[in-house]
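Spelled out, the chains give:
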Amino acid sequence: MTTTDNLRDDIAYVRAAAERAGSGTIPSIYVLWAVIGLCGFALADFAADSRSVGLFWMVAGPAGFVVSMWLGYRAGRHAGQGSRRVGVRWGVHWLAFLAAGALGAALVAAGHLPWTAFGSLVVLLLALSYFYAGLYMDRRMLAIGVVLGACFLVTLFIPGYQWTLAGVLMAGALVWQAILGARERDAAH
């Protein structure tokens, strides 16, 4: 066997392994955030005070982040694709979103932004975070970013239950991507 034949065989092996592994989609992470987001957004319409909404997100945001990282780590190990570099990249991306949200809270604390506008700002930051993740890491996130951009507008211009409507739209986009990702993964196996 010549060196060229060996290289072809090696490339074919790597390609087949990559195709068997399928995409990096982890449907459970999408579903996790659909549930967290729907609950947190609806809470903004139904909570008696804004403190419960803030408390929910102070707990659910970081807890969801940790659970997402664990689910991603576990799925990568199961698929034999665990990459520390990719995991760190995702982690830093979403930590940047959390940091931007915390800095947005500083706007409120300093009196430059009312609490009523802070939620919409966070939705805008989230839309950008998903959109940029779609541009640079996973194309499926582009659509979620666009839907969240629409959710931002819903929070600004739809009267009554705008947060619940935004939560339903966001959760729908996340669940839809989870379904597509699961189908894609199942088709690859």
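A. Expanded view of the nonpolar core. Counting residues in hydrophobic clusters, the biggest one holds 30 residues, and the most contacted among them are W94, L126, Y130, I144, L148, M170 and L174. For this core, the secondary structure elements donating two or more residues are α2 (27–46), α3 (50–79), α4 (84–109), α5 (115–136), α6 (140–157) and α7 (162–188). Considering every element that reaches this core, the biggest residue donor is α7, with 7 residues.

B. Region of the structure containing the environment of V66. Residue position: V66 is located in helix α3. Considering only alpha carbons, one finds V66 and G91, 25 residues apart in sequence, at a separation of 9.3 Å.

C. Spatial organisation of the side chain of H93. The residue H93 is located in helix α4 in this model. A residue is classified by how much of its surface remains accessible, and H93, at 16% relative accessible area, is buried. Residues within four places of H93 in sequence aside, it is in contact with S129, Y132, A133 and M137.

D. The arrangement of the pattern of salt bridges in detail. Applying the stated criterion to the full structure yields 2 salt bridges. With a closest N to O distance of 3.1 Å, R140 and D138 form a salt bridge. Given a relative accessible area of 11%, D138 falls into the buried group. Residues E184 and R140 are paired through a salt bridge, measuring 3.4 Å at the closest nitrogen-oxygen approach.

E. Structural detail: the confidence of the model for the protein chain. The share of residues in the protein chain with pLDDT of 70 or more is 88%, and the mean pLDDT across the chain is 87. Ranking the elements of the protein chain by mean pLDDT puts helix α1 (residues 3–21) last with 64 and α6 first with 97. Contacts from residues 19–23, a stretch scored under 50 in pLDDT, to residues over four places away or in other chains number 9 contacts.

F. Layout of a nonpolar patch on the surface. A surface patch of nonpolar side chains, about 640 Å² in accessible area, is lined by L124, L128, F131, Y132, L135, Y136 and V146. In terms of residues, the nonpolar patch owes the most to one element, α5, which gives 6 residues. You can see F131 is positioned in helix α5. By relative accessible area, which is 32% here, F131 ends up partly exposed.

G. Inspection of α4 at higher detail. With 26 residues, α4 extends 37 Å from end C-alpha to end C-alpha; this agrees with the ideal 38 Å at 1.5 Å per step. Buried residues of α4: G91, H93, W94, F97, G101, G104 and V108, and no others. Phi for G111, located one or two positions after α4, is positive at around 85°.

Conventions and cut-offs
Residues numbered from 1 in each chain as written. Predicted model: local features only at pLDDT ≥ 70, side-chain atom pairs only at ≥ 80, totals over all residues. Heavy atoms only, no water. Core = buried A, V, L, I, M, F, W, Y, C linked by side-chain atoms within 4.5 Å. Buried < 20%, exposed > 50% of the residue type's maximum accessible area, 1.4 Å probe, protein only. Helix = DSSP H or I, 4+ residues; strand = E, 2+ residues; numbered from the N terminus. Contact = heavy atoms within 4.5 Å. Salt bridge = Lys/Arg side-chain N within 4 Å of Asp/Glu carboxyl O. pLDDT = per-residue confidence, 0-100. Patch = residues over 30% accessible without salt bridge, like charges linked within 9 Å, V, L, I, M, F, W, Y side chains within 5 Å. Areas by Shrake-Rupley, 256 points an atom, 1.4 Å probe, with all protein chains shown as cover. Expected span 1.5 Å × (residues − 1).

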